[in-house]
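Next come the chains, spelled out residue by residue.
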Amino acid sequence: MLQSFCRDISELKMRARIIRKHIIRMLAKAGSGHPGGSLSATDLIVALYYGKLNHDPRKPNWQDRDRFVLSKGHGCPALYATLAERGYFPVSELDTLRQFGSMLQGHPDMKRTPGIEISSGSLGQGLSVGVGMALAGRLDGKSYRVYVMLGDGETEEGQVWEAAMAAGHYKLDNICAIIDNNGLQIDGPIKDILSPEPIPNKWRAFGWHVIVINGHDFQQILNAYDEAEETKGMPTAIIARTVKGKGVSFMENHVEWHGKAPNPVEAEKALAELEKG
Amino acid sequence: MTEKIATRVAYGKALLELGEKNTNIVVLDADLSKSTTTAEFSKKFPTRFFNMGVAEANMMNTAAGLATCGKIPFVSTFCIFAVGRAWEQIRNTVTYCSLNVKIVATHSGVAVGGDGSSHQAIEDIAITRAIPTLTVIEPCDAVETRKAVFAASEYNGPVYIRLGRAPVPIITKPEDEYKIGRGILLKKGDDVTIVACGALVANALDAASILDNEGIKAAVINMHTLKPIDKEILIKAAKETGAIVTAEQHVLDGGLGSAVAAILAREHPTPMEFIGIDNRFGQSGEPEVLFKHYHLTAQDIVNAVRQVIKRKVQQLQSLRV
Ligand SMILES: Cc1ncc(C[n+]2csc(CCOP(=O)(O)OP(=O)(O)O)c2C)c(N)n1
Ligand SMILES: [Mg+2]
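All values derive from a computational prediction rather than experimental measurement.

About the cut-offs
Residues numbered from 1 in each chain as written. Chains lettered and ligands numbered in written order. Predicted model: local features only at pLDDT ≥ 70, side-chain atom pairs only at ≥ 80, totals over all residues. Heavy atoms only, no water. 1 Å grid on protein atoms, 1.4 Å probe; cavity = no way out; pocket = protein on both sides within 12 Å on 5 of 7 lines; lining within 4 Å. Points joined across faces, edges and corners; volume = space filled by probe spheres on them. Donors = N, O, S within 2.8 Å, 3.2 Å for Na, K, Ca; no water. Helix = DSSP H or I, 4+ residues; strand = E, 2+ residues; numbered from the N terminus. Buried < 20%, exposed > 50% of the residue type's maximum accessible area, 1.4 Å probe, protein only. Contact = heavy atoms within 4.5 Å. Buried area = accessible area lost by both parts, 1.4 Å probe. Salt bridge = Lys/Arg side-chain N within 4 Å of Asp/Glu carboxyl O. Phe/Tyr/Trp six-rings, centres within 6.5 Å; stacked < 30°, edge-to-face > 60°. Lys NZ or Arg CZ within 6 Å of the ring centre and 35° of its normal. Domains from an automatic or database assignment. Polar contact = N/O pair within 3.5 Å; in protein donor to acceptor, adjacent residues only side chain to side chain.

**Quick notes on empty space enclosed by the protein**
Summed over all chains, the structure comprises three cavities of 30 Å³ or more. Empty space within the largest cavity amounts to approximately 80 Å³.

Laid out in structure tokens, this is it:
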């Protein structure tokens, strides 16, 4: 069990700023990657790893740990930076993102990176994996919880709804889906490409307890994680309204920053902005 | 007449035994548990059985999740849905992560019969064999199926086992040695080697006895593991008999024949003939009728042997000239 739980909002904000700066530096260094969905997910991931998850970075395979599955694997820079800051591996590894031989692959690879629960990158698969982890936990009488983060565009995948149906059917109250509802995918706004709206109603219809929050308000995020844990007899979906590219003004809500690395000048600008907070 | 039992039936029985021995065994099915015979396990071990409904992609990844937590999931449905619908889940999650998932699917090949082409997987060896590190197995009878299921449960990593719907004759014995990746020489012979898998092994043996009467001594290899394939036994057979016929209930592209040819082309080029489905889909019909139609019978193997021996002789003569 990890000693240091942090529920102090200003500290969490400070941590998130550090993670966002890592993301910009990593992507600029790598020359490719996905800033938009990393930045939209940062606060949700930071709140989880600093304020909620029962985990131990020194023992990433500890059997009773809570599990976090990043189903939207392209958002991994946010997760890598958080894992490094949390002590799963040296922060210096972040400089190797996407390079040959790196432990930090372009998309999460559980065999290379301590703290990664399952490899991902092909969208739509993570919630199903989470269902398996939750079923195993129940079978073994363990109290660990499973968190799965999905993109809103990702929920266009049919498999997500197969998994949602299974979690609802099996009344898996030890699983929590976090939907990073930033409103954008690659080719444009989700409402123009293939709208999954109304998102909360869909999850409700599949037997989930639904909480809609501002995914950049740490108090709301922590409250939602707690409410999910207290909810019995059904899984919980947290629909987190977020801003794609959050924290870097020229990236915010711009679809072209989905999968493009900042050049050195852009990175400089982004870092200066994040520094000011 | 030899006794006939479907390999899927042997699977259901083996699972019951395994479930008793190892409480980490869990079973998932996609609304076909009566057909795959996992229903027996579900009755005996209801808490360790998960019916995932008609949702194969989700089932495959749920199994992956269970495996990350130390379970040994056996995932069953028809071959076409297990490795067809959920191929990318097997590739990107189960196998890329080296998870201890056993995909044991039934209703392979045209021997499915009446259900017709939509249910007859004839490409599954090719598409599973193509996935790096995935082990691919097709037992030839009920006795060997039990061994394969046990061996898979003892092996740490992903395995695909391809089973059949229709009863097939028992041609192996419980005491015969079985090892994943090790082909089995069922019959010795000097003139030609027939390398077969699954239901075609019985036909290969029948073909060999027909050929015996003609004075052609055919060796028969049961190549139950398609990947990793036993190179040594193949090279030895090619060197000793100088002619090879492969036989499988699968399309010719990417199956057993392709695997054998790729090895021999490099290691010991040898005249070959191939028994398998030639660029066609299956259809409804009785298995025996379909085997005739798609040229998968013992007589088809005999014809192929005559063909390959003709080429072997021609080659020897041309060397002498
Ligand atoms: C199965 C699959 N199809 C396509 C892609 C390519 N892809 C990567 S990200 C993405 C858009 C995802 O949008 P969303 O889930 O909303 O992610 P976010 O906005 O959080 O970045 C696509 C189509 C993929 N990774 N996997
Ligand atoms: Mg999005």
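**Quick word on the coordination of the magnesium ion (ligand 2)**
For a metal with four tetrahedral donors the ideal donor-metal-donor angle is 109.5 degrees, whereas six octahedral donors ideally subtend 90 or 180 degrees. Residue and element names in this part refer to chain A. The protein atoms donating to the magnesium ion (ligand 2) are Asp152 (OD), Asn182 (OD1) and Leu184 (O), with metal-donor distances spanning 2.1 to 2.2 Å. Counting residues between consecutive donors of the magnesium ion (ligand 2) along the chain gives the motif D-x29-N-x1-L. In this pair, Asp152 is assigned in the loop between strand 2 (146-151) and helix 5 (158-169) and Leu184 in the loop between strand 3 (175-181) and helix 6 (190-193), connecting sequence segments 32 residues apart. Overall, the relative accessible area of 1% leaves Asp152 in the buried class.

**Points about the interface of chain B and chain A**
As a measure of interface size, the accessible area lost when the parts come together is often cited. Across the contact, 25 residues belong to chain B and 24 residues belong to chain A. Note on chain B versus chain A: buried area summed over both sides is about 2000 Å², and carbon and sulfur give 58% of it. Its largest share of buried area at the contact with chain A, chain B owes to Asn58, Cys69 and Tyr96 of chain B, together 25% of the area lost on that side. Joining chain B to chain A, the criterion identifies one salt bridge.

**Notes on unusual backbone geometry**
Note the cis peptide between Glu197 of chain A and Pro198 of chain A, where omega equals -5 degrees. Residue Pro228 of chain B is bonded to the preceding Lys227 of chain B through a cis peptide linkage, with omega at -5 degrees. Considering the arrangement of structural elements, one finds Pro228 of chain B in the loop between strand 12 (225-227) and helix 10 (231-241). One non-glycine residue, Lys171 of chain A, lies in positive phi territory at about 50 degrees. The phi torsion at Thr37 of chain B lies on the positive side, around 75 degrees, for a residue other than glycine. Structurally, Thr37 of chain B is set in the loop between helix 2 (33-36) and helix 3 (39-44).

**Considerations on the packing of aromatic side chains**
According to the stated counting rule, one finds nine aromatic pairs over all chains in the structure shown. Ring centres of Phe41 of chain B and Phe45 of chain B lie 4.8 Å apart, and the angle between their planes is 45 degrees; this geometry places the pair in the tilted category. Note on Phe41 of chain B: relative accessible area 0%, which makes it buried. Connected via pairs of aromatic rings, a cluster forms that spans Trp161, Trp203, Phe206 and Trp208 of chain A. Sitting above the plane of the Trp257 of chain A ring, Lys260 of chain A keeps its charged end 4.1 Å from the centroid. The ring of Phe45 of chain B has Arg48 of chain B sitting right over it, with the charged end atom 4.5 Å from the ring centre.

**Some details on the domain arrangement of chain B**
Residue and element names in this part refer to chain B. In terms of domain boundaries, chain B breaks down into domain 1 (4-169) and domain 2 (184-320). Summarising the inter-unit geometry, the C-alpha centres of domain 1 and domain 2 are found 27 Å apart. Between domain 1 and domain 2, the buried area comes to about 2300 Å², and carbon and sulfur atoms account for 58% of it. In terms of surface lost to domain 2, no three residues of domain 1 exceed Val110, Ile122 and Arg129, which account for 29% of the buried area on that side. For the pair domain 1 and domain 2, the interface holds zero salt bridges. Linking domain 1 with domain 2 are 18 residue pairs in polar contact (both at pLDDT 80 or more), by the criterion used here.

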